[in-house]
Amino acid sequence: MTQIRLALPDDADAVTSCVRATYARYVERIGREPAPMRSDYAALIAAGAVWVAAEAGRVVGVLVLAERPPALEIENVAVLPERQGRGLGRELMAFAERRARDAGLEAVTLYTNERMTENLRLYPALGYVETGRSVQAGFARVFYRKPLR
């Protein structure tokens, strides 16, 4: 059974490992490590921004959230490669949407790299609408928004 909970300081290494494993396949496609691979997860955990999906005490998924009223931004969603394709990513996305609703926010936003083509199909299928594209920090990003009202 999967439990989604706020990450604890002791989860930092597992969170970092999960994110690195998830994004490793994109390094060659993008030409460098995607931004989530370089984040300081100990600091993000200390700030209360990281949630984990745990199974039998093992971190199998990661969700990094930031409230930016009027929206909740999903800064990162990662699922261990061996757990992908089983609905855990969708479960984490739905969790983020519930958190946004509970906080009284009107939307969930996120962005992805345009070379992460799987996401360009997934997010619209989950009700997210593309709102723009731009290059930031050398990454070609695609921005999405899902209204909750």
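Here, the structure is the one placed above.
To keep things clear, this report deals only with the structure shown in the data block.

The rules behind the values
- Residues numbered from 1 in each chain as written.
- Predicted model: local features only at pLDDT ≥ 70, side-chain atom pairs only at ≥ 80, totals over all residues.
- Heavy atoms only, no water.
- Helix = DSSP H or I, 4+ residues; strand = E, 2+ residues; numbered from the N terminus.
- Rg over C-alpha atoms; globule rule 2.2 N^0.38 Å.
- Contact = heavy atoms within 4.5 Å.
- Pairing = 2+ DSSP bridges.
- Axes fitted to C-alpha atoms, helices over the stretch in contact; angles between N-to-C directions.

## Digging into the overall build of the protein chain
- The number of helices and strands found in the protein chain is five helices and seven strands.
- Element order for the protein chain, N to C, with α for helix and β for strand: β-α-α-α-β-β-β-α-β-α-β-β.
- In terms of overall size, the protein chain behaves like a compact globule, its C-alpha atoms giving a radius of gyration of 15 Å where 149 residues would be expected to give roughly 15 Å.
- C-alpha atoms of the protein chain, sized along the principal axes, occupy 40 × 40 × 30 Å.
- Long-range contacts, defined here as pairs at least 24 residues apart, represent 61% of the contacts in the protein chain between residues at least 6 apart.

## A look at the sheet that holds strand β3 (residues 58–68)
- In space, the seven strands of this open sheet follow the order β1-β2-β3-β4-β5-β7-β6, with mixed pairing throughout. Unpaired on one side and paired on the other, β1 (2–6) and β6 (129–136) mark the two borders of the sheet. The mean angle between the axes of side-by-side strands here comes to 25°, regardless of whether they run parallel or antiparallel.
- Here β1 runs beside strand β2 (residues 50–55); their pairing, made up of five bridges, is antiparallel. Bridge assignment links Gln3 to a residue of β2, and that residue is Ala54.
- Taken strand by strand, helix α1 (residues 12–23) contacts β2, β3 and β4 (71–79), and its axis lies near 80° from that of β4.
- Sitting on the sheet, helix α4 (residues 88–102) touches β1, β2, β3, β4, β5 (107–113) and β7 (139–147), and the angle it makes with β4 is about 160°.

Any functional reading would require information beyond the geometric quantities listed.
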